[in-house]
Every structure is written in C-alpha cells, then in structure tokens.
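One letter stands for each residue in the lines below.
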Amino acid sequence: GESVGLHLPTLSVQEGDNSIINCAYSNSASDYFIWYKQESGKGPQFIIDIRSNMDKRQGQRVTVLLNKTVKHLSLQIAATQPGDSAVYFCAENKWPGSARQLTFGSGTQLTVLP
Amino acid sequence: IAGITQAPTSQILAAGRRMTLRCTQDMRHNAMYWYRQDLGLGLRLIHYSNTAGTTGKGEVPDGYSVSRANTDDFPLTLASAVPSQTSVYFCASSEGGEQFFGPGTRLTVL
C-alpha cells in the first residue's frame, strides 16, 4: 500500500513566530487529508482537514495547504505558542465513506522556544 | 461529556496471556477503530467497524480480534500476547468526519 510521510522529525520555532510543518503523500487517489496534534501522553486531537478539491483551508491560527501537483501538504501555525508544542501528524483518508481508514505519517515534533 | 474512554490506562502482561482492551464511546458514532502507536511511528490501524455488527481488518490485524455487539463498545482482544505487541493502543470513533481518539492504553508484554 501507499503511505503518507516524509516528515522532518523535529522542528523548533521561537514563540510568536509562524510554524510550517510539511508532509508528502504518495497516493494520488486520496481525496481527504487531516492534521492531528498529539501532546505527550494523550491521544491525537483533530486540528483541521482538507479535501482534494480545495488547495487551502483556514482555521483558528492554522492553515492547511494542499498541492496536488507535487503531492504535498503543509500545516501553518500562526504566532506559535508554548501550548503548540506537540507531535503533529498528517493523515491520509483513503475511503471517503462511513469508515475511514487513516494512514498516518510518522509525525513532526514541534518545540516552541521561549 | 466523556467522549471515548479506554481501559485499562496501562497494563503489564506476561507473554501468552489473553488480554482485552476496552473502548466505550458516548457519541453514538457508527464507526470505530483501533490503532497501535509504536515509538517514533505514526498510528497504524489494527481493526475497524463501520457499524454495530460489522468489523474489518486494518493494516496490522494479526494477533488481534475485535467485536462490535453494540454501538458504544468496541473491545480489542489479544488471544495470546507476544512481546511485539508492546505498544500504546488508541481507540477512535467517527461519524462521517473527523476521528475522535481516546486517551490510549499503554500495554507492555514481557
């Protein structure tokens, strides 16, 4: 099967700066992507999603960009805060139906420096 | 609102023993999932269920079984645990959209 991945393992940013976390995917048939945040000792928490018929979607302080030409996904966090420190996973949702089988990348550890 | 609860929080288990991890959701979601997360890796799908009474295999189903007798509960059973099943296990549920995850069960098989 195809997989999602190619995360940088770690990313450090200064508090107040913007963060950009990248993800590449290989399954061109995938039509739905999700970003999750996982804090230490907790389960993943949904951040934002995007469908393949979109190239950008914005939430509160977060923006997801999708470039289908190069199969690249990015998560932008504006004005990064200490509470943003966590592991961030992109996930590919292969089945846009009732039971979605998510394929997760290996994650990027974001550390916010004071 | 509890969302998804998992039990136990953690467990140390001798190899060869049988173990059932419990998962309960109170959101009335039709779909439920079990994942395992190993150090430095993303989550991998073990089994899933579209709706009560149905189950399906994910990416890494060997050594695990599930049942879905009702909407709320989705237990995961290790019939005869092996050390390679040492991991953190997450249960999740969804209703056509994002998946909501439980807090996880940390399982160590010795």
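Residues numbered from 1 in each chain as written. Chains lettered and ligands numbered in written order. Predicted model: local features only at pLDDT ≥ 70, side-chain atom pairs only at ≥ 80, totals over all residues. Heavy atoms only, no water.

**Q** Just give me the short version of the side chain of Asp49 of chain A, but keep the residues and values in it.
**A** Residue and element names in this part refer to chain A. Following the sequence through the fold, Asp49 ends up in strand E5 (residues 45–51). Its relative accessible area of 11% is what places Asp49 among the buried residues. Side chain to side chain, Asp49 and Tyr32 meet in a polar contact 2.3 Å long. Discounting residues that sit within four places of it in the chain, Asp49 has contacts with Tyr32, Phe33, Ile34, Arg57 and Val64. (Helix = DSSP H or I, 4+ residues; strand = E, 2+ residues; numbered from the N terminus. Buried < 20%, exposed > 50% of the residue type's maximum accessible area, 1.4 Å probe, protein only. Polar contact = N/O pair within 3.5 Å; in protein donor to acceptor, adjacent residues only side chain to side chain. Contact = heavy atoms within 4.5 Å.)

**Q** How would you explain the pairing of E5 of chain A if you had to name every residue and give the values?
**A** Successive residues of a regular strand alternate their side chains across the two faces of the sheet. Where strand E4 (residues 32–38) of chain A lies against E5 of chain A, six bridges are found, and the strand directions are antiparallel. The residue of E5 of chain A that forms the bridge with Tyr36 of chain A is Phe46 of chain A. (Pairing = 2+ DSSP bridges.)

**Q** I'd love a proper account of the state of the cysteines, names of residues and values included.
**A** The full count for this structure, using the stated rule, is two disulfides over all chains. Here Cys23 of chain A engages in a disulfide with Cys90 of chain A; their sulfurs sit 1.8 Å apart. Note on the Cys23 of chain A and Cys90 of chain A pair: the S-S dihedral is about 45 degrees, so by sign convention the disulfide is right-handed. Highlighted residues: Cys23 of chain A in strand E3 (residues 19–25) and Cys90 of chain A in strand E9 (residues 86–93), separated in sequence by 67 residues. Two residues, Cys23 of chain B and Cys91 of chain B, share a disulfide whose sulfurs are 1.9 Å apart. In this structure the cystine formed by Cys23 of chain B and Cys91 of chain B twists about its S-S bond by roughly -70 degrees; its chirality is therefore left-handed. (Disulfide = S-S within 2.5 Å.)

**Q** Before we move on, can you summarise the packing of aromatic side chains with the specific residues and values?
**A** Counted under the stated rule, the structure contains 10 aromatic pairs over all chains. Look at Tyr36 of chain A and Phe101 of chain B: their rings are 5.3 Å apart centre to centre, the planes differ by 85 degrees, and that puts the pair in the edge-to-face class. With Tyr36 of chain A in strand E4 and Phe101 of chain B in strand E10 (residues 100–101), the pair connects residues from two separate chains. The class of Tyr36 of chain A is buried, set by a relative accessible area of 0%. Among the aromatic residues, those joined into a cluster by ring pairs are Tyr36, Phe46, Phe89 and Phe104 of chain A together with Tyr33, Tyr35 and Phe101 of chain B. (Phe/Tyr/Trp six-rings, centres within 6.5 Å; stacked < 30°, edge-to-face > 60°.)

**Q** A description of the pairing of strand E5 (residues 43–49) of chain B should follow, citing residues and the corresponding values.
**A** Residues and elements named next belong to chain B. In terms of residue burial, E5 counts as a mostly covered element, since six of its seven residues are buried. The antiparallel hairpin formed by strand E4 (residues 31–37) and E5 contains five residues in its connecting segment, where Gly40 sits at a positive phi of about 80 degrees. Both E5 and strand E6 (residues 56–57) contribute to a ladder of two bridges, which runs antiparallel. The residue bridging His47 from the neighbouring strand is Lys57, located in E6.

**Q** Give a description of the interface of chain A and chain B that names residues and reports values.
**A** Counting residues at the interface gives 17 residues for chain A, matched by 21 residues for chain B. Roughly 1,500 Å² of surface becomes buried between chain A and chain B when both sides are summed, with 53% attributable to carbon and sulfur atoms. The interface formed by chain A and chain B includes two residue pairs in polar contact (both at pLDDT 80 or more). Among the secondary structure elements, those contributing two or more residues to the side of chain A that touches chain B are E4 and strand E10 (102–104) of chain A. Counting residues per element, the side of chain A that touches chain B draws most heavily on E4 of chain A, at three residues. Grouping the constituent residues of the side of chain A that touches chain B by class yields eight nonpolar, seven polar and two charged. (Buried area = accessible area lost by both parts, 1.4 Å probe. Nonpolar A, V, L, I, M, F, W, Y, C, P; charged D, E, K, R; others polar.)

Purely geometric numbers; function is a separate question.
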